[in-house]
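# Residue-level structural notes
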Amino acid sequence: MDQPATNPAIDKVNRGLKRRYRAERRFRLCGATAVFAALCFLFILFFSIVSSGYKAFQKTFIQIDVFFDPAEFTNENLATANFPALIKASMSSRFPEVTARRDKKDLYYLISPGASFQLMKLIKNNPALIGQKERIWVSANDDVDMLLKGNIDRTRPESERRINDKQLAWLDTLAGEGKIKKTFNMAFFTLGDSREPEQAGIWGATCGSFYTLLITLSLSFPIGVAAAVYLEEFAPKNRWTDIIEVNINNLAAVPSIVYGLLGLAVFINFFGMPRSTPVVGGLVLTLMTLPIIIIASRASLKSVPPSIREAALGIGASKMQMVAHHVLPLALPGMLTGTIIGMAHALGETAPLLMVGMVAFIVDIPQGFTDPATVLPVQIYLWSDSPERAFMEKTSAAIMVLLVFLFLMNAVAIFLRKRFEIKW
Amino acid sequence: MKKGILLASALIAGMFAGSSAQAAGRDYISIVGSSTVYPFSTVVAEQFGKTTNFRTPKIESTGTGGGFKLFCSGVGVQYPDITNASRAIKQSEYDSCQSNGVKDIVEIKIGYDGIVFANSKKSAPLKLTRKDIFLALAKNVPDPKGGDKLVPNPYKTWKDIDPALPNEKIEVLGPPPTSGTRDAFVELTMETGAKSFPFIHDMEKKDKNMFKATTQTVREDGVYIEAGENDNLIVQKLEANPHAVGIFGFSFLDQNADMIQGSLIENESPTFENIASGKYPVSRPLFFYVKKAHVDVIPGIKEYLAEFTSDKAWGNEGYLADKGMIPMDKTESEHFAEQAKDLKPLTMKQDK
Amino acid sequence: MESLFQTAESGILATAPKEKILSEVTSKTLHKARETVGDPFVENPRMTCREVNVYYGEKKAINNVNIDIARHEVIAMIGPSGCGKSTFLRCLNRMNDTIEGCRVTGDIRLDGMDIHDRNVDVVPLRARVGMVFQKPNPFPKSIFDNVAYGPKIHGLVQNKSELEEIVEASLKKAGLWEEAKDRLNQPGTGLSGGQQQRLCIARAIAVSPEVILMDEPCSALDPIATAKIEELIAELCEHYSIVIVTHSMQQAARVSQRTAYFHLGDLIEVGKTDRIFTNPRHQLTEDYITGRFG
């Protein structure tokens, strides 16, 4: 029998083959499991936020018939009129059987205290309404809102609910007449903070975030890019630039609260800038994002191929022309991506703002860079710590809005990269 | 690129123009201080901002100590006008105020806050005494075998302390040492509870430091869990763990009555009425302090005080009571309303 | 500490040429300069190089080179890898300035002007001594902008029509006009490798240089594209002096009038190309062109 001569090396290879493929399969499995786990966590996060927050985009209104009694508007200044009394009168005329003092209080409780401001605005815009009877939808109290959204269980014993049996009966009567409705919660997007959950909105915090980030962007992008270009293209390579480089890398890892302390010491105590304002917040966040932007910009400058630099120099471009005409345009998409990621980072930051007083209760919508303001993540933090049950869904809703902003910023980063990336 | 630089420089210029305008004056009230008073002062501020032509005050929740530090830094628009406090000003803080030129301080007491011990509705309500709480939470307790000596806390279950209590592991969620609520509950429950032991009671006179260490040190063997400043979190944790007891302000119990129940202390349950009448023993006064030098400089301070001290705000039927603040009785509130109106400065002897 | 600073060390332009040369230099010890055989000097030269030495840090990469470059000639520089021919080429327009730690001594003159003189600006020098690189490196811009870039930055044109003239003339000289005239606005990077290299040549001649340095311009190209470039070089030498570094002896024989042979940093032999390939005078040259090493 002629056995073909076998190669001992091949035998060894074949024997090992199985083990090698097994190792590869194991590794792939690990990777896939990791990705799956990450996706699961992400899904759980989104699900828990959305499921507890989506109701906040709806708000309960109660329809009342208000008689703008001319007797109340004797004063020249219409805003001083007793609007709460008008609402109370309207509720009393709807439920004339309620006479006891305690019961009346419970009845008036159904309407949000914010409703009187709604009437005030109505009269300011249209004084002709005085003496008229108007049918108006006003916002309900947060506990009514919670009840109608099912967050307060009406089967519980009376002492355990914030809405008592009488109030339940009145609400059922109103609902039977079609005088209760749930509509899109416009107030959530147009109002500032409030201690009444039904009057609280994120517009103030959004404006604050906008002003703060505008300061941060307009300072950190030019400074960061200029610093990166200087360090990468012009600075001599010596011990000093090495030290600077190490320090910038370290700064990127410094806990953000440290920047807050720095901002407090430098901008507020030394320069005397106003506390709790977007100027100071923006400056602090600038300090925080600068290292991120510098590092990203340097990396993208480094990735510009040397051949392009040689081509420019070889044709007689000066170093500045080489950088400005060729290197910078090629590095810009990477720089923008780094900047937007830095901005997204800044958008989600609360710790450094705590020190400069931006963690505060602010009702008025900030109108500029020196108005007291707060930012979105701070608003989330403040709401999450409020006792009222209705703030819980507001917290989740605000998180959703913040996430939408973050998604948008990242989408812009991707778009810019795709749009301006030059292939060769 | 050039446009970007232009825009940036314009912005910087605008910023400095803005901040110099700011330095000239501030047209809103700046309030700092206790996180316990924060939910009440914010309601007043909002009401004040919406019903008057003044801007809504800005309120930062910095904690009582942090509030005094900012408040006492000096006189001027960059310093706060009012600080909230969940305890009275300390001598050291008063002295620091004086040395920084903050001479006249008006103290206004606004009401009370009850500290409740609550657990989930899924288990039975607890009936505790302050002595029980001391024995459950102190690091060192009198030897259960008798004798006037302290041993490391041996109690594992509530039943170990008092046979009438349930046979369940002691597990308490409470605020961290930085919190004013913690200071108050240590002082109001543990200290009082400890004094029921005669030898500890005597210790107060003989060795003050020893007394403080004995009564104020909370055990660190995992029985007392520091749950952070967020009281909502504690409520949620209680809901998830029916055996645990939480410590927080009354307003959180008030808002979550369907999920948690307050433990009875000295046979009194933590209800609005009991705290207001003083029957419930664990309650503390709340204050705010006004810098008199600012009253005529910053617009609206007087009006804010008037709003806060009006009956519709802090009265028995006022909106602060709706938010869970326990009002003062009639004579007390009249006294402090008067004080707010006259801006009568606080007098404390100055340590020299 | 060392590792922390490593990133800082890798300079911008240093990467490619420096690494290549350093590794070669370390492997040998440089000795006293060898006498150059043949005739390195010409009458009425465009460029003169006298006692040129190049150091990378402590290491000497070019050892006392003396050579002239004539007007309207193609001179090829050949030699085994690491012999210093590219390094020497980069001295001629001071591209070595961009390499950290590189030092050039000696006297290099362009039309009698010392290019290392303190008063000489490197920017106009590089306009007069253009360069084409091994790998085609058009800018990631349109074909038109590639060629127009040089005239624009040097201010050679007053208006758009002049610019268009220069671009057209340069592309014609580079033999790319017919292929590119309909797609001037398309990116230069979309062209084929050979076309890209011709675009780079067009870019170099758009600023009307006197000398064009070519650093292995065909090594990345296929034979057909190579043939086109070689044809182009023959045409261009009517107007320019061309110094071409090549690793291909056949290419040197095809395109150049004179050839210089480098060996380990020494210039061994210079002479008419025919003579070098048929009758080398130095033993090393003979060994190299007969393929005994290299």
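What you are looking at is a predicted structure, and each value in this text was computed from that prediction instead of being measured. (Residues numbered from 1 in each chain as written. Chains lettered and ligands numbered in written order. Predicted model: local features only at pLDDT ≥ 70, side-chain atom pairs only at ≥ 80, totals over all residues.)

Now for the overall build of chain B. The helix and strand tally for chain B stands at 16 helices and 13 strands. Structurally, chain B occupies a C-alpha span of about 75 × 55 × 45 Å along its principal axes. If you take every contact in chain B between residues at least 6 apart in sequence, the share linking residues at least 24 apart comes to 73%. (Helix = DSSP H or I, 4+ residues; strand = E, 2+ residues; numbered from the N terminus. Contact = placed C-beta atoms within 7 Å.)

Across its full length, chain C holds 12 helices and 11 strands. Residues classed as buried in chain C amount to 46% of the 294 residues present. Here the contacts in chain C between residues at least 6 apart in sequence split such that 72% fall between residues at least 24 apart. (Buried ≥ 20, exposed ≤ 12 C-beta atoms within 10 Å, placed from the backbone.)

So, about the domain arrangement of chain B. All names here are of chain B. In terms of domains, chain B is made up of domain 1 (27-113 + 284-342) and domain 2 (114-283). Here the C-alpha centroids of domain 1 and domain 2 sit 30 Å apart. Each partner contributes to the interface: domain 1 provides 15 residues, whereas domain 2 provides 16 residues. The class makeup of the residues in the side of domain 1 that touches domain 2 is 4 nonpolar, 7 polar and 4 charged. (Domains from an automatic or database assignment. Nonpolar A, V, L, I, M, F, W, Y, C, P; charged D, E, K, R; others polar.)

Before going further, it helps to spend a moment on the interface of chain A and chain B. At the junction of the two partners, chain A supplies 35 residues and chain B supplies 35 residues. Of all elements in the fold, only helix H8 (203-234) and strand E4 (360-361) of chain A reach the threshold of two or more residues within the side of chain A that touches chain B. For the side of chain A that touches chain B, the element with the most residues is H8(A), which contributes 4 residues. Across 2 bridges, the pairing between E4(A) and strand E2 (residues 58-60) of chain B is antiparallel. Along E2(B), the bridge assignment pairs Ala360(A) with Glu60(B). (Pairing = 2+ DSSP bridges.)

The next subject is the sheet that holds strand E3 (residues 59-70) of chain C. Strand pairs in the sheet, formed through backbone hydrogen bonds, run parallel or antiparallel to each other. All names here are of chain C. Taken in spatial order, the 4 strands of this open sheet run E3-E2-E5-E6, and their pairing is antiparallel. On the outer flanks of this sheet lie E3 and strand E6 (113-114), each paired with one strand and no other. Bridge analysis of strand E2 (residues 45-56) against E3 gives 8 bridges, and the strand direction is antiparallel. Residue pairing for E3: tyrosine 56 is matched across the bridge by lysine 59.

It is worth spelling out the pairing of E2(C) at this point. Residues and elements named next belong to chain C. Where E2 hands over to E3, the hairpin turn is made up of 2 residues, of which glycine 57 adopts a positive phi near 65°. Across 8 bridges, the pairing between E2 and strand E5 (residues 102-110) is antiparallel. Paired with tyrosine 56 across the bridge in E5 is cysteine 102.

Before going further, it helps to spend a moment on the packing of helix H13 (residues 319-347) of chain A against helix H16 (residues 390-420) of chain A. Residue and element names in this part refer to chain A. Viewed as axis vectors pointing N to C, H13 and H16 meet at an angle of 175°, and their least axial separation amounts to 9 Å. Relative to H16, the element H13 is oriented roughly antiparallel. Here Leu332, Pro333, Leu336, Thr337, Ile340, Ile341, Met343, Ala344 and Leu347 of H13 lie close against H16, whose contacting residues are Phe405, Leu406, Met409, Asn410, Val412, Ala413, Leu416, Arg417 and Phe420. (Axes fitted to C-alpha atoms, helices over the stretch in contact; angles between N-to-C directions. Parallel < 35°, antiparallel > 145°, perpendicular 65-115°, else oblique.)

On to the confidence of the model for chain B, then. Residue and element names in this part refer to chain B. When pLDDT is averaged along chain B, the result is 84; 91% of the residues meet or exceed 70. When the elements of chain B are averaged for pLDDT, helix H1 (residues 2-24) gives the smallest value, 51, and strand E3 (residues 82-85) the largest, 93. Low pLDDT (under 50) marks residues 17-23, which in the prediction has 11 contacts with non-local residues, meaning those over four places away or in another chain. (pLDDT = per-residue confidence, 0-100.)

What follows concerns helix H5 (residues 143-154) of chain C. Residue and element names in this part refer to chain C. Those residues of H5 lying buried are Ile143, Asn146, Val147, Ala148, Tyr149, Gly150 and Pro151. Buried residues along H5 sit against helix H6 (160-173), helix H7 (177-180) and helix H8 (193-205). Phi turns positive, to about 65°, at glycine 155, one or two residues after H5.

Another aspect to go through is the nonpolar core. Ranked by internal contacts, the top residues of the largest apolar core, which has 266 residues, are Tyr289(B) and Val243(C). Once you skip the residues sitting within four places of it in the chain, Val243(C) turns out to touch Ile69(C), Ile75(C), Met77(C), Leu89(C), Leu92(C), Val211(C), Leu213(C) and Met214(C). (Core = buried A, V, L, I, M, F, W, Y, C linked by C-beta atoms within 7 Å.)

This part takes up the sheet that holds strand E10 (residues 258-263) of chain C. All names here are of chain C. On the basis of which strands lie adjacent, the open sheet formed by 7 strands has the order E1-E11-E10-E4-E9-E8-E7 and mixed pairing. Edge positions in the open sheet fall to strand E1 (37-38) and strand E7 (129-132), since each of these has one partner strand only. Here E1 runs beside strand E11 (residues 266-272); their pairing, made up of 2 bridges, is parallel. Bridging from a neighbouring strand, valine 37 pairs with glutamate 269 of E11. H8 contacts E7 and strand E8 (211-215) of the sheet and is inclined by roughly 170° relative to E7.

This paragraph deals with the confidence of the model for chain C. Residue and element names in this part refer to chain C. Counting all residues, the mean pLDDT for chain C is 84, and 88% of those residues have values of 70 or more. In the predicted structure, residues 1-31 sits below a pLDDT of 50 and forms 39 contacts with residues beyond four places in sequence or in another chain. Our summary of model confidence lists the complex with pTM equal to 0.82 and ipTM equal to 0.79.

The next thing to look at is the pairing of E7(C). Residues and elements named next belong to chain C. By the alternation rule, side chains of E7 split into Val129 and Met131 and Gly130 and Val132, which are all buried. Sheet topology note: the E7/E8 ladder contains 4 bridges and is parallel. Directly across from valine 129, in E8, lies its bridge partner valine 211.

What follows is about the packing of H8(A) against H13(A). Residue and element names in this part refer to chain A. Viewed as axis vectors pointing N to C, H8 and H13 meet at an angle of 140°, and their least axial separation amounts to 10 Å. With respect to each other, H8 and H13 are oriented oblique. Crossing angle aside, the handedness with which H8 passes H13 is right-handed. Taking contact as the criterion, the partners of Ser209, Leu213, Thr216, Leu217, Ser220, Phe221, Val225, Val229 and Glu233 in H8 are, on H13, Val323, Val327, Met335, Thr339, Gly342, Met343, Ala346 and Leu347. Of the residues in the contact of H8 with H13, the class split is 11 nonpolar, 5 polar and 1 charged. (Left-handed = near helix turned anticlockwise from the far one by under 90°.)

A positive phi angle is found at Glu266(B), which is not glycine, with a value near 50°. On the secondary structure map, Glu266(B) appears in the loop between strand E12 (264-265) and helix H12 (272-277). Even without a glycine there, the phi angle at Glu216(C) is positive, about 45°. Locating Glu216(C) in the fold gives a position in the loop between E8 and helix H9 (223-236).

Quick look at helix H12 (residues 306-314) of chain A now. The element H12(A) is largely enclosed, with a buried count of 7 among its 9 residues. All of the buried residues in H12(A) are Ile308(A), Arg309(A), Glu310(A), Ala311(A), Ala312(A), Leu313(A) and Gly314(A). On its buried face, H12(A) sits against H13 of chain A together with helix H4 (122-128) and E7 of chain C. Trailing H12(A) by a residue or two, Gly316(A) shows a phi angle of about 100°, which is positive.

Moving on: the environment of Ala88(B). You can see Ala88(B) is positioned in the loop between E3 and helix H4 (91-99). In this structure the C-alpha to C-alpha distance between Ala88(B) and Thr64(B), which are 24 residues apart in sequence, comes to 9.5 Å.

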